[in-house]
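# Chains, contacts and geometry: an overview
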Amino acid sequence: MRIQLSEHFTYSKLLRFTLPSIIMMIFTSIYGVVDGIFVSNFVGKIPFAAINLIMPLLMVLGALGFMIGTGGTAITAKTLGEGKPEQANQYFSLLVYAAAIGGIVISLLGELALRPVSAALGATGEMLEDCVLYGRILLASQPFFILQYVFQSFFVAAEKPKLGLYITVGAGMTNIVLDMLLVAVFPMGLAGAAVATSVSQLVGGLAPVFYFARKNSSLLRLGKTRCYGRVLLRACTNGSSELMSNISSSVVTILYNFQLMRLAGDDGIAAYGAVMYVAFIFAAISIGYAVGSAPLIGYHYGAGNSGELQSLLRKSLVLTGVAGAAMAALAAAAASPLAGIFVGYDRELFDITVHGMRLFSVSFLFSGFNIFASSFFTALNNGFVSAAISFLRTLVFQCAGVLILPAFLELDGIWLSVTAAEIAALVVSMLFFAANRRTYQY
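Note that the coordinates shown come from a computational prediction; the quantities given were computed from them, not determined experimentally.

How each quantity is defined
Residues numbered from 1 in each chain as written. Predicted model: local features only at pLDDT ≥ 70, side-chain atom pairs only at ≥ 80, totals over all residues. Heavy atoms only, no water. Axes fitted to C-alpha atoms, helices over the stretch in contact; angles between N-to-C directions. Helix = DSSP H or I, 4+ residues; strand = E, 2+ residues; numbered from the N terminus. Parallel < 35°, antiparallel > 145°, perpendicular 65-115°, else oblique. Left-handed = near helix turned anticlockwise from the far one by under 90°. Contact = heavy atoms within 4.5 Å. Nonpolar A, V, L, I, M, F, W, Y, C, P; charged D, E, K, R; others polar. Buried < 20%, exposed > 50% of the residue type's maximum accessible area, 1.4 Å probe, protein only. Arc of directions from axis to C-beta. 1 Å grid on protein atoms, 1.4 Å probe; cavity = no way out; pocket = protein on both sides within 12 Å on 5 of 7 lines; lining within 4 Å. Points joined across faces, edges and corners; volume = space filled by probe spheres on them. Salt bridge = Lys/Arg side-chain N within 4 Å of Asp/Glu carboxyl O. Phe/Tyr/Trp six-rings, centres within 6.5 Å; stacked < 30°, edge-to-face > 60°. Patch = residues over 30% accessible without salt bridge, like charges linked within 9 Å, V, L, I, M, F, W, Y side chains within 5 Å. Areas by Shrake-Rupley, 256 points an atom, 1.4 Å probe, with all protein chains shown as cover. Core = buried A, V, L, I, M, F, W, Y, C linked by side-chain atoms within 4.5 Å.

Moving on to the packing of helix H10 (residues 306–333) against helix H13 (residues 364–379). The geometry of H10 relative to H13 is characterised by a closest axis approach of 7 Å and an angle of 150° between their N-to-C directions. The angle between H10 and H13 falls in the class roughly antiparallel. Note on packing geometry: the crossing formed by H10 with H13 is right-handed. Side by side, H10 and H13 meet where Leu309, Leu313, Ser316, Leu317, Thr320, Gly321, Gly324, Ala325, Met327, Ala328 and Ala331 of the first sit next to Phe364, Leu365, Gly368, Phe369, Phe372 and Phe376 of the second. Among the residues forming the contact of H10 with H13, the class breakdown is 12 nonpolar, 5 polar and no charged.

See below:
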């Protein structure tokens, strides 16, 4: 049975409504993870390190989709809650078209900047060529990757989260199958992994266009629109926290790579890559819940249902806490088998990875609360607070941690810096929740 945005949400109904978004985000995170597994085991350690080195740049370029998707969904859901479906569809169409055009521009600029940026990140020789090869193939599909991020949010606002899930699973399975064929069976090496990811992004970004461009049973449809400059600006402002989070994470990853290269060399970068692949999947659970619940929050805020807004906040904090504890315990307990998937062929690298993963796992206790807090204020159309939480969490606190803690704890300081940053960000999130309680009546 289709769950509508206007309904009252119990724990069970809230989980059923957000589960497709959670699985969507997990499958989206699998793109890089699957490439990493196959490249590390079938191509080699240097190409694996090259992926980890260039991936931050690709994620920065793809962050446009997250910004427009989350920020635009907040506006569209609020407009639906106000009882203005035609206007909501015009906003939706404008934002999708803007994301597509922006994706093409970003892809072209990325192609020009790829080699000098790779060199600036420290890539030389074989690793530099691998970075350029992998990056150029993925940049060709970057517009579709951006659209996939946009539609992940809008599928929820359209009351079609399951359809979004099916498309994302299809794209993820495309990536897995092609990686097996192009890397493991037909030895195309790093290029094969990049082609597999590009094709899967094409599936994930183009299929929703065909669905929304025709008459459908959802709340949204692509059609004629006009240039609502203020709406586009508000969407970018609302979603600036997600943009900031992606950019900051990439900047911090670059900083991590510099510190790891200094303390542990190539093995440090490879170990960090394996830890982050696991972290991507676990973080996807929190991000998926935030994406899935945001349209509900935006709708009931627009409809003036303060009681339901209060209920959604309380239930979300409980679910986030339980999930965080479970993820921290699982990551610590399964550190050895998880590390073995990526780097089991190298004993020294394996030991570094296992140790790092166990220390890093503590951060999952706190990260979900901060991800939800930022998304919550985005859904309330308060881009400033949302961006402040993301900026402090992903850039200021993490940069401070990775610069300061290694001076006292050496390599362990790098693994623990994320936990320190999440704890500091949690304090900030709690202060913002308390300060805005009366304003939004939650």
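Now for helix H11 (residues 335–343). Among the residues of H11, those classed as buried are Ala335, Ala339, Phe342 and Val343. All buried residues of H11 fall inside an arc of 70° around its axis, so they share one side.

Within this model, the second largest pocket holds a volume of roughly 180 Å³. For the second largest pocket, the lining is made up of 14 residues, of which Ile22, Ile285, Tyr289, Leu319 and Ala323 are closest to its centre. Going through the elements one at a time, helix H1 (11–42), helix H9 (240–303), H10 and H13 are the ones with two or more residues in the lining of the second largest pocket. When residues in the lining of the second largest pocket are grouped by element, the largest group, 6 residues, is from H10. The class makeup of the residues in the lining of the second largest pocket is 9 nonpolar, 5 polar and no charged.

Glancing now at the pattern of salt bridges. In this structure the tally under the stated criterion is 5 salt bridges. With its nearest N and O atoms 2.6 Å apart, the salt bridge here joins glutamate 82 to lysine 78. With a relative accessible area of 34%, glutamate 82 lands in the partly exposed category. We note a salt bridge from glutamate 82 to lysine 84, for which the minimum N-O separation is 3.9 Å. On the basis of relative accessibility, which here comes to 40%, the residue lysine 84 falls in the partly exposed class.

Quick look at the packing of aromatic side chains now. This structure, assessed with the given rule, holds 28 aromatic pairs. Geometrically, the ring pair formed by phenylalanine 145 and tyrosine 149 is tilted, given 4.8 Å between the ring centres and 55° between the ring planes. Of the two residues, phenylalanine 145 and tyrosine 149 both sit in helix H5 (residues 142–157), 4 residues apart, roughly one turn of that helix. Accessibility classification places phenylalanine 145 together with tyrosine 149 in one group, the buried group. Feature note: the residues Tyr289, Tyr301, Phe372, Phe376, Phe377, Phe433, Tyr440 and Tyr442 constitute an aromatic cluster, connected by ring pairs.

Attention shifts here to the packing of H5 against helix H7 (residues 189–213). Close contact between H5 and H7 brings their axes to 7 Å; oriented N to C, the two are set at 50°. As judged from the angle between their axes, H5 and H7 are oblique. The element H5 and its partner H7 pack so that their crossing is left-handed. Residues Phe144, Phe145, Leu147, Gln148, Phe151 and Phe155 of H5 form the contact with H7, whose participating residues are Gln201, Leu202, Gly204, Gly205, Leu206, Pro208, Val209, Tyr211 and Phe212. Residue composition of the contact of H5 with H7, by class: 11 nonpolar, 4 polar and no charged.

Before going further, it helps to spend a moment on unusual backbone geometry. Positioned with a positive phi, glutamate 159 is a non-glycine residue whose angle comes to about 65°. For glutamate 159, the position within the fold is in the loop between H5 and helix H6 (161–185). The backbone of glutamate 410 sits at a positive phi, close to 55°, despite the residue not being glycine. Mapping glutamate 410 onto the fold places it in the loop between helix H14 (383–409) and helix H15 (411–435).

There is a patch of nonpolar side chains on the surface, built from Met173, Val177, Leu181, Val185, Phe186 and Met188 and spanning about 530 Å² of accessible area. Assignment of secondary structure puts valine 177 in helix H6.

In this structure, Phe92, Tyr134, Phe212, Tyr256, Phe342 and Phe364 are the most contacted members of the largest nonpolar core, which totals 91 residues. Ignoring anything within four residues of it in the chain, the contact list for phenylalanine 364 reads Ala279, Phe282, Gly324, Met327, Ala328 and Ala331. Ranked by size, the runner-up nonpolar core spans 32 residues in total, among them Phe9, Ala88, Leu296 and Phe377.

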